[in-house]
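Here are the chains, one letter per residue:
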Amino acid sequence: MIFDTLKPQVETIISTTTTTTDEKLLSICELLETHVEYYNWVGFYFKNGDKNELKLGPYVGAPTDHTIIPFGKGICGQVAVSNENFVVPDVSAQDNYIACSITVKAEIVIPIFVNGENIGQIDIDSNTPDPFSEADERFLEFVCQKVATIL
């Protein structure tokens, strides 16, 4: 399985001492987008200081206008409030979906916790309908746990 081969690469990126945190996050985005064929946009959003909003961090994929997302808005904003994984097999069926691209069919968002606080999330869009499995969730939880160690 592809995730088993990606885990050690994620750990290598995280443990590298010659790159900044943003460079590490971008490298993780590039790794995932390159090696998982149905990951078409991969990025990180983080809590924007004391504001109840998310700010876009490093990402790969099509440019997005959604650099700030209020808590509660869209899938990412809902995860900021719920503190739970959100898997969307069909974005067109979601009332509170913020469309980034007409090609996006599905989305998965996994929160990142530091000391028990939800400080951000990894957001992945797919142009493939219903591509995400429990294996994606477990792998992305692993990625978020590793990312949390450098934040």
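Worth saying up front: this structure is predicted, and the values here are computed from it rather than measured.

Conventions used here
Residues numbered from 1 in each chain as written. Predicted model: local features only at pLDDT ≥ 70, side-chain atom pairs only at ≥ 80, totals over all residues. Heavy atoms only, no water. Phe/Tyr/Trp six-rings, centres within 6.5 Å; stacked < 30°, edge-to-face > 60°. Buried < 20%, exposed > 50% of the residue type's maximum accessible area, 1.4 Å probe, protein only. Helix = DSSP H or I, 4+ residues; strand = E, 2+ residues; numbered from the N terminus. Lys NZ or Arg CZ within 6 Å of the ring centre and 35° of its normal. Axes fitted to C-alpha atoms, helices over the stretch in contact; angles between N-to-C directions. Parallel < 35°, antiparallel > 145°, perpendicular 65-115°, else oblique. Contact = heavy atoms within 4.5 Å. Nonpolar A, V, L, I, M, F, W, Y, C, P; charged D, E, K, R; others polar. Salt bridge = Lys/Arg side-chain N within 4 Å of Asp/Glu carboxyl O. Pairing = 2+ DSSP bridges. Expected span 1.5 Å × (residues − 1). Arc of directions from axis to C-beta.

1. What to know about the packing of aromatic side chains
Part 1 of the argument: In total, this model carries seven aromatic pairs according to the counting rule given.
Part 2 of the argument: Here the aromatic rings of Tyr 38 and Tyr 39 are separated by 5.3 Å at their centres, their planes lie at 85°, and the arrangement is edge-to-face.
Part 3 of the argument: A relative accessible area of 0% places Tyr 39 in the buried class.
Part 4 of the argument: Ring geometry for Tyr 39 and Phe 132: centres 6.1 Å apart, planes at 50°, overall tilted. Here Tyr 39, found in the loop between helix 2 (21–35) and strand 1 (41–47), pairs with Phe 132, found in the loop between strand 6 (117–126) and helix 4 (134–148); they are 93 residues apart in sequence, far enough to count as distant.
Part 5 of the argument: Taken together, the ring pairs connect Tyr 38, Tyr 39 and Phe 132 into an aromatic cluster.
Part 6 of the argument: Sitting over the ring of Phe 142, Lys 7 keeps its end group 5.0 Å from the ring centre.

2. Digging into the packing of helix 1 (residues 2–15) against helix 4
Part 1 of the argument: Where helix 1 contacts helix 4, the axes come no closer than 10 Å and their chain directions differ by 10°. By the criterion of interaxial angle, the relationship of helix 1 to helix 4 is roughly parallel. In contact with Phe 3, Leu 6, Lys 7, Val 10, Glu 11 and Ile 14 of helix 1, helix 4 contributes Ala 135, Asp 136, Phe 139, Phe 142, Val 143, Lys 146 and Val 147.
Part 2 of the argument: Along the lines of polarity and charge, the residues of the contact of helix 1 with helix 4 split into nine nonpolar, no polar and four charged.

3. With respect to the pattern of salt bridges
Part 1 of the argument: Summed over the entire model, instances satisfying the criterion amount to four salt bridges.
Part 2 of the argument: Notably, a salt bridge pairs Glu 134 with Arg 138, separated by 3.2 Å at the nearest N-O pair. Of this pair, Glu 134 and Arg 138 both sit in helix 4, four residues apart, which is roughly one turn of the helix.
Part 3 of the argument: Connected through shared salt-bridge partners, Glu 134, Glu 137, Arg 138 and Glu 141 make up one network.

4. Some thoughts on the pairing of strand 5 (residues 106–114)
Where a strand is regular, its side chains alternate between the two sheet faces.
Part 1 of the argument: Of all nine residues in strand 5, seven are buried; the element is thus mostly enclosed.
Part 2 of the argument: As paired elements, strand 4 (residues 86–88) and strand 5 share three bridges and run antiparallel to each other. Opposite Val 88, over in strand 5, you have Glu 107 as the bridge partner.
Part 3 of the argument: Both strand 5 and strand 6 contribute to a ladder of nine bridges, which runs antiparallel. In the sheet register, Ala 106 faces strand 6, and the bridge partner there is Ser 126.
Part 4 of the argument: Connecting the antiparallel pair strand 5 and strand 6 is a turn made up of two residues, with Asn 115 showing a positive phi of about 55°.

5. A few points about the pairing of strand 2 (residues 53–60)
Part 1 of the argument: Burial analysis of strand 2 places six of its eight residues in the buried class, which makes it a mostly covered element.
Part 2 of the argument: Here strand 1 pairs with strand 2 via five bridges, running antiparallel. Directly across from Gly 43, in strand 2, lies its bridge partner Tyr 59.
Part 3 of the argument: The antiparallel pairing of strand 1 with strand 2 creates a hairpin that spans five residues between the two strands, and Gly 49 there sits at a positive phi of about 60°.
Part 4 of the argument: Note: strand 2 against strand 3 (residues 68–70), three bridges, orientation antiparallel. Bridging across to strand 3, Glu 53 finds its partner in Pro 70.

6. Some details on helix 1
Part 1 of the argument: Taking 1.5 Å as the rise per residue, helix 1 with 14 residues should run 20 Å; its terminal C-alpha atoms sit 21 Å apart, in good agreement.
Part 2 of the argument: Burial in helix 1 covers these residues: Phe 3, Leu 6, Val 10, Ile 13 and Ile 14. Viewed end-on, helix 1 has its buried residues packed into an arc of 90°, placing them on one side of the element. The exposed residues of helix 1 that point more than 90 degrees off its buried face are Asp 4 and Ser 15.

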